[in-house]
Amino acid sequence: MEATFFCLKSICEEITPEENIHIARFFGPEVLGRLPVDCGIRLKSTVLILMGSLAEWLKAHPQYLGSVMNYIVPCLSDPQLAPAASSAFADICDTCRESLVEELDGLMHVYAAMTSSNIKSNIMQKVVESVADVIQVLPPDRSMSPLMVRIGLTSGMATVTNMLK
């Protein structure tokens, strides 16, 4: 299965956002919904990399973003999966930022959880940049509100604020 996903990743640049059958099956209950929770690190890592590579497709199919983020977010706290998960998270937040505005509260929870964990600084930086990508879509008068509510006046806010400039 891992080899199949790897092959799909290698051709994903050729997959158009108009493709509505096969990729939808990957993100739906037939494939992603049936992956075992305890499958190997290589399979999970390949799935994460594939998800990030399909960000353009997800932009045209935002109905799958919830299940994708539900897969990615727990992987951010796994030291072996964090590099692939943070890359997928960054690709999707950057590409699908308009669709993720409605999920900003959830993204702020991810940020808050990551600040209290022991993840590497480069992974944390990607998470902060990803959340900032989504916040940038908001009008300036609304962009500071999520920061003030979720992270208050911490050093993390200064980091996010600098990224918004």
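Please refer to the structure higher up on the page.
Residues numbered from 1 in each chain as written. Predicted model: local features only at pLDDT ≥ 70, side-chain atom pairs only at ≥ 80, totals over all residues. Heavy atoms only, no water.

A. Layout of the side chain of Arg 97. Relative to the assigned elements, Arg 97 resides in helix 7 (residues 97-100). On the basis of relative accessible area, Arg 97 is assigned to the buried category, the value being 17%. Only 2.2 Å separates the side chain of Arg 97 from the side chain of Asp 94, close enough to count as a polar contact. Not counting residues within four places of it along the chain, the set of residues in contact with Arg 97 comprises Ile 92, Asp 133, Val 134, Gln 136 and Val 137. (Helix = DSSP H or I, 4+ residues; strand = E, 2+ residues; numbered from the N terminus. Buried < 20%, exposed > 50% of the residue type's maximum accessible area, 1.4 Å probe, protein only. Polar contact = N/O pair within 3.5 Å; in protein donor to acceptor, adjacent residues only side chain to side chain. Contact = heavy atoms within 4.5 Å.)

B. Region of the structure containing helix 5 (residues 65-75). Of all the positions in helix 5, only Leu 65, Val 68, Met 69, Tyr 71, Ile 72 and Cys 75 are classed as buried. Here the buried residues of helix 5 occupy an arc of 160° about the axis, which is enough to place them on one side. Turned more than 90 degrees from where helix 5 packs its buried face, Asn 70 and Pro 74 sit exposed. (Arc of directions from axis to C-beta.)

C. A look at helix 9 (residues 121-135). If you check helix 9, its first and last C-alpha atoms are 21 Å apart, about what 15 residues at 1.5 Å a residue would give, namely 21 Å. Regarding helix 9, the residues found buried are Ile 123, Met 124, Val 127, Val 128, Ser 130, Val 131, Ala 132, Asp 133, Val 134 and Ile 135. (Expected span 1.5 Å × (residues − 1).)

Shape is all these values report; function is a separate question.
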